[in-house]
Amino acid sequence: MKSVQVNNIQAFNEALTDETVGHIVLLNDLNGDITIQRKVNVDLNDFTLSGNLSMQHTENGTVTIGSGVITGDLSIDTPNATVINHADVNGQTTIEDVAENTFDNSGELHAVKFVDPNGGRLINRNSTAVGTLVIDSPASITLSGNFDMITVAQSMSFILEADANIKEMQAEQSVSVEIVASPTAVIEKKPEDFKLVDYSIETLNQQKLLRQEIVKLNALLSGDWNDEAFVESFIQQLQQAWDTFSKLPDTLETRRLGSDLSKLNSAYDNIPAASDLQQAFDDFVPTIREATSLNGASLEIPSLQDQGIYVYSASHDNIGDRFDIPARPNKEDEVRHILFSIIFQKGHKSLQRDFLIHIPYGTAEITFEALELGDRPANSDYVTSDSFEFDPSNGSILFTEGLTVGDFLSSSLIPNLSTDYEVFSYMNHADSYVKESYDAVYDSDVISERLNVIQDEMISDEMTGYQEVTGGSFVFDIEKKELRFKGDIKVWDLQEALNSIEGESFGVLNFIDVHGPEVALASRMQLIHKESRGIRLFMSKNSEEPTPDM
């Protein structure tokens, strides 16, 4: 690539149009704005550009701006190139996107805005500190050199090299910031919630490599998705990136990288299907054989292998060209509902459609309905009746007045109701008192436990976890899964006492009354699985009260 000398804006722009020119040198001061859209080195040659300089291109390599003065703004958008700057910039320097090895500055910069979504490295070799640096990027930023004021606009992480010297850091709003600092790096002032953390060099290197892989994968999204070899390579690289991610410790930067990988998954999923695959998928309408027979009903699965399309059911009852519909319910007022999913696949791309098959008692016709995306029921196999059914809008359980808890637990609405589930009510009213017949359910960010509630007049202040409260006292012991109490204690007073313990961070403690089979069902009762936290709300079919969102 040749070097040319210019003495006016017109000559500069003419040099830019010559693809053989790789280096432009000023012979005097220039007036005007310059936009560079390919990889070209610019040597101001200690002259002044009275205007703005913008670099916008995607070529690989390194670009250099020679010493001089830019009176306006400097804008850098070179995602695949490192920029080395020796010029003084009187206006704002905006780094929109640069390569991983980043923006290397020896000039005097008054104001810098770093918005590169992929993060990077900002080196200030000038003895004069960068006046203000605003970082509006979620990615990790590595800093080297002197900086007066750094303002953080969103949650992110810093890596401070050995010579980093920062007078002050601040935030525009409430953000989470992690700082990995070399032992000799200096931060004179920062917010208390900007956390200094210590991660290994290996972790930082792995995060850097993963960032580079994500950039490469994003570039591949514009590739040829009809090329199976290309698709296979993309999938392998994406899986390798996820494998790398899985080995990283939980940090702000790791979470951001995980978010970027999830976006890549979504982008891959949204790549359009081949037209013949999409057409076959759109044209499919289920055909049910023996729809009015007592036994032997099945749903046809089309064979399209001669078109290179593989069609199969996600159900274990799929046998070749059919899906065997399960047995009918046992009671006259019952309807069994089965989720049926069918998948059309060609090459790397698959499309799935969900149907709900309705199987009535006896020989009444078996029917189906297509489900919209996101409308999959919470249960893939359930039975409704005149007495019990699910509210399709939110999954709550609708029941007929006059029925008991025992009637529900002996119904067929959900498999294993009588053995695996309980019906309860929350006892958190202002006038509710703690009772030994209640259970306590404790939920925090990390655990969920069911605690036995025990009335114990022998508890004392010598016991770990002892707390006095209006009307009595209690001992909260999460390890033994117990809550012991004495006296007459209101539920609200006990909850408030737990939340006010200095230096502790408690979750939520609720009291529940588990109902026996003889208790009449009522709206607002709830269903819980004994081994999980899943809850459904009961609402009477006769109630005029709107069913709340779950």
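Structure shown above.
Reading guide: rules and limits
Residues numbered from 1 in each chain as written. Predicted model: local features only at pLDDT ≥ 70, side-chain atom pairs only at ≥ 80, totals over all residues. Heavy atoms only, no water. Patch = residues over 30% accessible without salt bridge, like charges linked within 9 Å, V, L, I, M, F, W, Y side chains within 5 Å. Areas by Shrake-Rupley, 256 points an atom, 1.4 Å probe, with all protein chains shown as cover. Salt bridge = Lys/Arg side-chain N within 4 Å of Asp/Glu carboxyl O. Lys, Arg positive; Asp, Glu negative; His and termini not counted. Charge placed at Lys NZ, Arg CZ, Asp CG, Glu CD. Helix = DSSP H or I, 4+ residues; strand = E, 2+ residues; numbered from the N terminus. Buried < 20%, exposed > 50% of the residue type's maximum accessible area, 1.4 Å probe, protein only. Arc of directions from axis to C-beta. Contact = heavy atoms within 4.5 Å. Polar contact = N/O pair within 3.5 Å; in protein donor to acceptor, adjacent residues only side chain to side chain. Core = buried A, V, L, I, M, F, W, Y, C linked by side-chain atoms within 4.5 Å. Axes fitted to C-alpha atoms, helices over the stretch in contact; angles between N-to-C directions. Parallel < 35°, antiparallel > 145°, perpendicular 65-115°, else oblique. Left-handed = near helix turned anticlockwise from the far one by under 90°. Nonpolar A, V, L, I, M, F, W, Y, C, P; charged D, E, K, R; others polar. Pairing = 2+ DSSP bridges. 1 Å grid on protein atoms, 1.4 Å probe; cavity = no way out; pocket = protein on both sides within 12 Å on 5 of 7 lines; lining within 4 Å. Points joined across faces, edges and corners; volume = space filled by probe spheres on them.

Let's shift gears to a negative patch on the surface. Taken together, the side chains of D224, D227, E228 and E232 present a region of like negative charge at the surface. Following the sequence through the fold, E232 ends up in helix α3 (residues 228–246).

Before going further, it helps to examine helix α1 (residues 9–17). Because an α-helix completes one turn every 3.6 residues, residues spaced three or four positions apart along the sequence face the same direction. Of the residues making up α1, those classed as buried are I9, F12, A15 and L16. For α1, the angular spread of buried residues about the axis comes to 120°, placing them on one side. Along α1, exposed side chains directed more than 90 degrees from the buried face belong to Q10 and T17. Where the residues of α1 are buried, they touch β1 (2–6), β2 (21–26), β3 (30–31), β4 (34–36), β5 (41–43) and β6 (48–50). The backbone nitrogen of Q10 has a side-chain oxygen 3.1 Å away, supplied by the residue at the start of α1, namely N8.

As enumerated under the stated definition, the model contains 22 salt bridges in all. Ionic pairing is found between K481 and E449, a salt bridge with its closest N-O pair at 3.4 Å. Taken together, the residues K481 in the loop between β38 (472–477) and β39 (482–487) and E449 in strand β36 (residues 448–455) connect sequence positions 32 residues apart. The partly exposed category is assigned to E449, whose relative accessible area is 22%. Linked by salt bridges that have partners in common, R211, E253, R256 and D260 make up one network.

This brings us to the nonpolar core. F12, I24, I36, L133, L143, I150 and F158 are the most contacted members of the largest nonpolar core, which has 53 residues in total. If you tally residues by element for this core, the top one is strand β17 (residues 141–152), at five residues. Other than its neighbours up to four places away in sequence, F12 contacts V6, I24, L26, L30, I34, I36 and V42. Core analysis: the next-biggest nonpolar cluster, separate from the first, contains 24 residues, L277, F340, F355 and I366 among them.

All right, on to the packing of α3 against helix α4 (residues 252–269) then. Each pair of packed helices gets described by two things: the angle between the helix axes and the distance between those axes. Interhelical geometry of α3 versus α4 gives an angle of 160° and a closest axis separation of 11 Å. If you check the angle between α3 and α4, you find them roughly antiparallel. Note on packing geometry: the crossing formed by α3 with α4 is left-handed. Between α3 and α4, the contacting residues are V231, F234, I235, L238, A241, W242 and F245 on the first element and T254, L257, G258, L261, S262, L264, N265 and Y268 on the second. Residues that form the contact of α3 with α4 fall into these classes: eleven nonpolar, four polar and no charged.

Here we take up the packing of helix α2 (residues 201–220) against α3. For the pair α2 and α3, the least separation of the axes is 10 Å and the interaxial angle reads 155°. Judged by the inter-axis angle, α2 sits roughly antiparallel to α3. Crossing angle aside, the handedness with which α2 passes α3 is left-handed. Touching Q206, L210, E213, L217 and L220 of α2 are F230, F234, Q237, L238, A241, T244 and F245, all from α3. Residue composition of the contact of α2 with α3, grouped by class: eight nonpolar, three polar and one charged.

Let's shift gears to the pairing of strand β12 (residues 88–98). Across two bridges, the pairing between strand β9 (residues 69–70) and β12 is parallel. For I70, the partnering residue across the bridge sits in β12 and is V89. Here strand β10 (residues 74–78) pairs with β12 via five bridges, running parallel. Of the residues in β12, the one forming a bridge with I76 is I95.

Right, let's talk about empty space enclosed by the protein for a bit. If you roll a probe as big as a water molecule over the atoms, it shows you where there is empty space left. Under the criterion given, the structure shown has two cavities of 30 Å³ or more. For the largest cavity, the full set of lining residues is S140, S157, I159, E178, V180, Y199, L204, Q207, T251 and E253. Among the elements of the structure, β18 (156–160), β20 (177–181) and α2 are those that each provide at least two residues to the lining of the largest cavity. When its residues are assigned to classes, the lining of the largest cavity shows four nonpolar, four polar and two charged. One number sums up the size of the second largest cavity: a volume of about 30 Å³. Every residue along the wall of the second largest cavity is listed here: N118, R211, I214, V215, R256, L257 and D260. For the lining of the second largest cavity, the secondary-structure elements that each account for two or more residues are α2 and α4. Partitioning the lining of the second largest cavity into residue classes produces three nonpolar, one polar and three charged.

Attention shifts here to the sheet that holds strand β41 (residues 526–529). As summarised here, the arrangement of the eleven strands in space is β32-β33-β42-β41-β34-β40-β35-β36-β39-β38-β37, forming an open sheet in which the pairing is mixed. Pairing within the sheet leaves two strands with one partner each, and these edge strands are β32 (388–390) and β37 (466–469). Within the sheet, the average angular offset between the axes of one strand and its neighbour, ignoring direction, is 35°. Bridging between strand β34 (residues 421–426) and β41 involves four bridges; their strand directions are antiparallel.

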